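Observations on the model geometry
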Amino acid sequence: MTKNGMNLTLKVWRQKSDKDKGQIETYQVNDISEHMSFLEMMDTMNEQLISAGKEPVAFDHDCREGICGSCSLFINGEAHGPDRGVTTCQLHMRKFKDGDTIYIEPWRSKAFPVIKDLVVDRTGFDRIMSAGGFISVNTSGNTQDANSIPIAKDDADHAFDAATCIGCGACVATCKNASAMLFVSAKVSQLALLPQGKIEAKDRVLNMVEQMDAEGFGSCTNTGACEVECPKGISLDNIARMNREFMGASITSDK
Ligand code: SF4
Ligand code: FES
């Protein structure tokens with residue numbers, strides 16, 4: 001290691017557009033501090049590219065504190081890199097060592113087409129949410145205060161856990177079938193467990209699953225890789241709950 005930090009070889013996916021075939025390109029970055037976040041290291045790489053008159057690498061990011069879910073990178077073959085329970089923006093360079101070669105690729109899924117370089121189109125998730133990931137609220141002024149509705153502690157805790165899904169798509173990127181079941185089941189569960197979500201529960205689960213299939217996400221074969229790589233620790237229990245909700249709704253629905 002040099003006096004100031006690590007020297008790294010980066011193998012980065014470059015792709016001009018969704019029409020382009022794309023390829024891996026190699027860049028060298030030097031003097032990277034172990035205290036940097038992974039995205040700060042990427043910023044350093046881009047500053048070097050810009051100084052050399054080359055086009056910087058496009059990658060998604062926004063909050064840089066594990067909230068928005070936009071920093072979707074496949075790092076050395078793992079969604080969000082080698083650490084557990086963190087997003088790419090929360091990953092630190094201390095997880096790597098001087099002389100390492102790091103492969104940086106976009107999420108790979110037919111339902112998440114590459115827009116440019118490391119940026120993929122995740123609007124399929126937005127369309128699934130539009131299909132039912134909400135509750136309709138009575139705005140007449142006679143709405144009961146949600147805080148005055150008693151909810152069993154277990155249900156409140158599980159609903160809260162499901163609600164921590166940030167829609168990053170790591171579950172899809174990790175799954176060998178590119179299944180979106182963990183994401184959709186988290187969104188179904190957070191509402192199915194609460195009284196406010198029960199009114200539209202049947203239509204919600206049927207419509208969200210239908211949209212999930214229409215987007216081209218694959219089926220769940222219970223491999224469980226999604227749960228391992230999910231930065232928010234969303235449990236496979238949510239998939240079981242969604243399957244129960246779906247079966248119950250299918251039997252009683254006239255759709
Ligand atoms: S379930 Fe986990 S991995 Fe999938 S979108 Fe939500 S937070 Fe990301
Ligand atoms: S940039 Fe928002 S979660 Fe990483």
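The structure reproduced in this document is the subject of the present report. These numbers come from a predicted model, not from an experiment. (Residues numbered from 1 in each chain as written. Chains lettered and ligands numbered in written order. Predicted model: local features only at pLDDT ≥ 70, side-chain atom pairs only at ≥ 80, totals over all residues.)

Some remarks on helix H9 (residues 237-252)
With 16 residues, H9 should cover 22 Å at 1.5 Å per step; its first-to-last C-alpha distance of 23 Å lies within 8% of that length. Within H9, burial applies to Asn238, Ile239, Arg241, Met242 and Glu245. Buried positions in H9, seen along its axis, are confined to an arc of 155° and lie on one side of it. In H9, the exposed positions angled more than 90 degrees off the buried face are occupied by Arg244, Met247 and Ile251. (Helix = DSSP H or I, 4+ residues; strand = E, 2+ residues; numbered from the N terminus. Expected span 1.5 Å × (residues − 1). Buried ≥ 20, exposed ≤ 12 C-beta atoms within 10 Å, placed from the backbone. Arc of directions from axis to C-beta.)

What to know about the packing of helix H5 (residues 181-192) against helix H7 (residues 201-214)
Where H5 contacts H7, the two axes come as close as 11 Å, and the packing angle between them is 170°. By the criterion of interaxial angle, the relationship of H5 to H7 is roughly antiparallel. Only Ala201, Arg204, Val205, Met208, Val209 and Met212 of H7 make contact with H5, whose side of the interface consists of Val184, Lys187, Val188, Leu191 and Ala192. In terms of residue class, the contact of H5 with H7 is built from nine nonpolar, no polar and two charged. (Axes fitted to C-alpha atoms, helices over the stretch in contact; angles between N-to-C directions. Parallel < 35°, antiparallel > 145°, perpendicular 65-115°, else oblique. Contact = placed C-beta atoms within 7 Å. Nonpolar A, V, L, I, M, F, W, Y, C, P; charged D, E, K, R; others polar.)

With respect to the site of ligand 1
Neighbouring ligand 1 are 14 residues; Cys165, Cys168, Ala170, Cys171 and Cys230 lie closest to it. Sorting the residues of the shell around ligand 1 by element identifies helix H4 (170-174) and H5 as the ones contributing at least two each. Examining the composition of the shell around ligand 1, we find that three residues originate from one element, H5, more than from any other. Looking at the shell around ligand 1 residue by residue, the classes come out as eleven nonpolar, two polar and one charged. (Near = placed C-beta within 6 Å.)

A word on the sheet that holds strand S2 (residues 23-32)
The five strands lie next to each other as S2-S1-S5-S3-S4, forming an open sheet whose pairing is mixed. Lying at the two open borders of the sheet, with one neighbouring strand each, are S2 and strand S4 (78-79). Here strand S1 (residues 6-14) runs beside S2; their pairing, made up of eight bridges, is antiparallel. The residue of S2 that forms the bridge with Arg14 is Gln23. Sitting on the sheet, helix H1 (residues 38-51) is in contact with S1 and S2, with an inclination near 105° to S2. (Pairing = 2+ DSSP bridges.)

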